[in-house]
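# Inside the fold
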Amino acid sequence: MRKNSISKDTNGAATELGYIFTFLLGVLLLSMFSLWAWDIETATRERWNQEALQANMDDLAAAIERADEASRMGDIEYSESVYWRATEADENQFTLSLNNEFLSLQDDGGSLDMEVSISGAGSGQHTGSIELSGISTIWVVHSDGVTSLQVYRPQ
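Residue numbers run consecutively from 1 along every chain, following the written order of its sequence. Given that this is a predicted model, residues contribute local features only at a pLDDT of at least 70 and side-chain atom pairs are listed and counted only at 80 or more, while totals for whole chains, interfaces and linings are drawn from all residues. Computation of side-chain values: all heavy atoms of the structure, hydrogens and water removed.

### Observations regarding the nonpolar core
- What we call a nonpolar core is a set of buried Ala, Val, Leu, Ile, Met, Phe, Trp, Tyr and Cys residues that are connected through their side-chain atoms within 4.5 Å. Three exposure classes are used, based on accessible area relative to the maximum for each residue type with a 1.4 Å probe and protein chains only: buried under 20%, partly exposed in between, and exposed over 50%. Counting 25 residues, the largest nonpolar core has Leu96, Leu132 and Ile138 as its most contacted members.
- Labels follow the DSSP assignment, with helices taken as runs of H or I lasting at least four residues and strands as runs of E lasting at least two, numbered in each case from the N terminus. For this core, the element with the most residues is helix α1 (residues 11-71), which contributes 7 residues.
- Beyond its immediate sequence surroundings of up to four residues, Ile138 is in contact with Leu60, Glu80, Ser81, Val82, Trp84, Leu96, Ile130, Leu132, Leu149 and Gln150. Here a residue-residue contact requires only that any non-hydrogen atoms of the pair lie within 4.5 Å.

So this is what it looks like as structure tokens:
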């Protein structure tokens, strides 16, 4: 008959603790990496939003300048469509406004407000305010001495 006895060998326990600490170190490193990758992705998305919005505003300002140039040629009507690039920002909270000095974008839900100066060198007034919810094309129209922003194609 064989007798079993319990021995007090701690080598196995030390190995198991080593496995547990190695596992926890791996979890910690993977967690840190995922947070780092998430921060990079968020910063990139925010930068792309800013660049797309700035390009949109620059395109609209250029179209307004062309409408002003046309207005100085006499009593004519001018219209131009400008494609609004999509962004990941919530465009339901964007309002685009035009006055004699600025084209401005107000973001009611965040920090994406911006203004672009226009020369205001046209022969008339500048006016218009539109909500950008679901808009992909914005019309810059000069008619009856007024340069304005519109959502629908002029007739």
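There is more to say, and it comes next.
### Observations regarding the packing of aromatic side chains
- Two aromatic rings from Phe, Tyr or Trp, using only the six-membered ring of Trp, form a pair when their centres are within 6.5 Å; if the ring planes differ by under 30 degrees the pair is stacked, by over 60 it is edge-to-face, and anything between is tilted. Here the structure, examined in full by the defined rule, presents 1 aromatic pair.
- Taking 5.6 Å as the distance between ring centres and 45° as the angle between the ring planes, the aromatic pair formed by Phe33 and Trp36 counts as tilted. Here Phe33 pairs with Trp36, and both are found in helix α1, just 3 residues apart, close to one helical turn.
- Of the residues examined, Trp36 reaches a relative accessible area of 53% and is grouped as exposed.

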